[in-house]
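A closer look at the structure
Here is how the chains run, residue by residue.
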Amino acid sequence: MTPQPQARVFSGIQPSGGLTLGNYLGALKRFAEQQGKVETIYCLVDLHAVTVWQEPEALRRQTRELAAGFIAAGVDPARSVLFVQSHVSAHAELGWLLMCVARLGWMNRMTQFKDKAGKNAEKASLGLYAYPALMAADILAYHATQVPVGEDQKQHVELTRDIAAKFNHDYGVDFFPLPQPVIEGAATRVMSLRDGTKKMSKSDPSDASRINLTDDADSIAQKIRKARTDAAPLPGSAEGLKDRPEARNLVNIYAALSGEPPDAVCARFEGQGFGVFKPALADVAVAQLEPITRRMTELMADPAELDRLLQAGADQADAIARPIVDETRRIMGMIPRR
Ligand code: AMP
Ligand code: TRP
């Protein structure tokens with residue numbers, strides 16, 4: 001029997017596009033806040049990204065940009081393990097072993113595959129189908145106990161638990177801990193600036209719908225000024241925003257950026273219109289995001305240094321994952337290579 005594992009956070013983001021304010025508030029900022037409380041391991045999941053077509057040059061650029069985004073948002077490579085998935089072969093290796101544990105019937109229930117493959121599932125890559133088994137390997141290769149993700153990834157973390165439990169049961173071991181999904185809170189769900197019912201997303205065709213972490217101060221202010229709203233003044237408490245998705249979104253963004261509860265933001269702006277609130281929000285957004293954007297630009301200007309940090313992260317990741325994958329092979333009956 002293995003002893004109760006220590007708390008260890010693992011999460012991954014795909015380098016498949018630019019970063020938005022949603023990624024910052026919903027993921028990166030929270031990832032940074034975990035540091036020092038528990039051991040934190042963050043992975044740029046390029047093996048997941050190539051389950052759909054990626055232009056090689058764009059993938060390289062986006063991977064470095066994502067690394068810069070993590071660091072600029074406060075994920076410190078000296079306090080967290082920050083690395084690229086394809087640099088650590090344990091992921092692909094354990095991914096294969098776990099594909100032999102996962103059942104076809106389980107994979108067939110994955111809603112993200114159905115959404116992403118669409119009507120033309122015959123033309124989807126085999127990797128897109130196997131994607132959740134690789135994600136299970138990411139998590140289990142570190143015996144991670146907590147996995148901060150968005151709601152859409154909850155099913156994949158639950159599948160990870162099923163795979164871990166089946167492995168432990170089939171081989172009569174207590175080897176893989178069952179990880180917990182940690183779902184982003186409602187306050188950090190950032191919605192589109194054009195439609196308060198849709199998530200802010202890098203894949204939205206309208207650039208005005210999102211704030212990119214690479215936007216300069218002028219475009220941030222302009223996007224906020226043009227954000228869709230209603231004509232009513234702000235209520236005295238967040239309760240009054242229930243049926244006003246666009247207004248609620250802007251208040252939530254203000255609250256998340258300034259670190260105040262939404263109620264406090266409402267109380268301060270009670271009775272004011274958006275002519276007053278939007279410029280105040282733009283000020284807070286620019287003040288918070290400008291240093292991040294500046295740091296990202298600096299980091300991107302020195303790709304050799306970024307790569308060096310990522311190599312060091314890969315060495316640390318490898319040192320944790322390698323013995324766990326070796327032990328998995330041993331449990332499964334493969335003779336060790338000496
Ligand atoms: P994605 O860009 O969808 O691959 O997501 C990467 C990470 O950012 C995940 O942890 C998501 O939950 C988070 N994220 C993406 N968009 C948003 C959003 N609009 N609001 C909050 N979190 C988000
Ligand atoms: N599938 C996740 C997403 O698209 C990214 C991911 C890959 C991940 N491996 C992971 C997230 C392991 C958490 C843990 O957002």
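Residues numbered from 1 in each chain as written. Chains lettered and ligands numbered in written order. Predicted model: local features only at pLDDT ≥ 70, side-chain atom pairs only at ≥ 80, totals over all residues. Heavy atoms only, no water.

Points about the domain arrangement of the chain
The line we're drawing: Domain delimitation in this document rests on an assignment produced automatically or drawn from a domain database. Should any heavy atoms of two residues lie within 4.5 Å, those residues are considered in contact. Buried area: the accessible surface (1.4 Å probe) lost by two parts on joining, summed over both. Any carboxyl oxygen of Asp or Glu that lies within 4 Å of a side-chain nitrogen of Lys or Arg is treated as forming a salt bridge with it. Here a polar contact is recorded for every N or O atom pair within 3.5 Å, except that within protein the pair must consist of a potential hydrogen donor and a potential acceptor, and residues adjacent in sequence are included only if both atoms are side-chain atoms. Here a helix means four or more residues in a row that DSSP labels H or I, a strand means two or more in a row labelled E, and each is numbered from the N terminus. For this classification, Asp, Glu, Lys and Arg are treated as charged, while Ala, Val, Leu, Ile, Met, Phe, Trp, Tyr, Cys and Pro are nonpolar and the rest, including Gly, are polar.
One can read the domain layout of the chain as domain 1 (8-187 + 302-331) and domain 2 (207-297). Taking only C-alpha atoms into account, the centre of domain 1 sits 31 Å from that of domain 2. Each partner contributes residues to the interface: domain 1 has 14 residues there, and domain 2 has 14 residues. With both sides pooled, the region where domain 1 packs onto domain 2 buries about 1,200 Å², and carbon together with sulfur makes up 73% of that total. Contact with domain 2 buries surface across domain 1, with Leu21, Tyr24 and Ala72 losing the most and accounting together for 41% of the total. The interface formed by domain 1 and domain 2 holds zero salt bridges in total. Here domain 1 is connected to domain 2 by three residue pairs in polar contact (both at pLDDT 80 or more). If you list the elements that add at least two residues to the side of domain 1 that touches domain 2, you get α1 (21-34) and α3 (56-72). Per-class residue counts for the side of domain 1 that touches domain 2 are 10 nonpolar, two polar and two charged.

Quick notes on the site of ligand 1
As a reminder, the rule being used: Nearness is judged by heavy atoms alone; a residue qualifies as near a molecule or strand once a single heavy atom is within 4 Å of it. Per-residue and other accessible areas follow the Shrake-Rupley method at a 1.4 Å probe size, with only the shown protein chains counted as cover for residues.
Looking at ligand 1, there are 13 residues lining it, with Asn23, Glu184, Thr188, Val190 and Met200 nearest. Between ligand 1 and the protein, one listed contact pairs an oxygen atom with a side-chain N or O atom of lysine 202 at 3.0 Å. In isolation ligand 1 has 470 Å² of accessible area, and contact with the protein removes 83% of it. With four residues, the single largest contributor to the shell around ligand 1 is α1.

Some points on helix α11 (residues 262-269)
Going by this rule: The cut-offs for exposure are 20% and 50% of the maximum accessible area for each residue type, with area from a 1.4 Å probe on protein chains only; residues under the lower value are buried, those over the upper are exposed, and the others partly exposed. What the arc measures is the spread of directions leading from the helix axis to the C-beta atoms.
All of the buried residues along α11 are Val265, Cys266 and Phe269. Mapping the buried residues of α11 onto a view down its axis gives an arc of 100 degrees, with all of them on the same face. Of the surrounding elements, those touching the buried residues of α11 are α10 (245-258) and α12 (274-300). Of the residues flanking the end of α11, it is glycine 271, one or two places downstream, whose phi is positive at about 85 degrees.

Concerning unusual backbone geometry
Despite not being glycine, histidine 143 has its phi angle at roughly 50 degrees, a positive value. Relative to the assigned elements, histidine 143 resides in the loop between α7 (126-140) and β4 (146-149). For histidine 143, a relative accessible area of 14% translates into the label buried.

Topic: the site of ligand 2
Taken together, 13 residues lie around ligand 2, and Gln14, Tyr131, Met135, Asp138 and Gln153 are the ones closest in. Between ligand 2 and the protein, one listed contact pairs a nitrogen atom with a side-chain N or O atom of aspartate 138 at 2.7 Å. Glutamine 153 places a polar side-chain atom, nitrogen or oxygen, 2.9 Å from a nitrogen atom of ligand 2. Coverage of ligand 2 by the protein chains reaches 89% of its 370 Å² of free accessible surface. Put simply, the parts of the chain that give the shell around ligand 2 at least two residues each are β1 (8-13), α7 and β4. Here the shell around ligand 2 takes four residues from α7, the largest share from any one element. Classifying every residue of the shell around ligand 2 by side-chain character gives seven nonpolar, five polar and one charged.

A word on the side chain of threonine 160
With respect to the element layout, threonine 160 can be found in helix α8 (residues 154-170). Setting aside anything within four residues of it in sequence, one finds threonine 160 in contact with Ala136, Ile139, Leu140 and Pro179.

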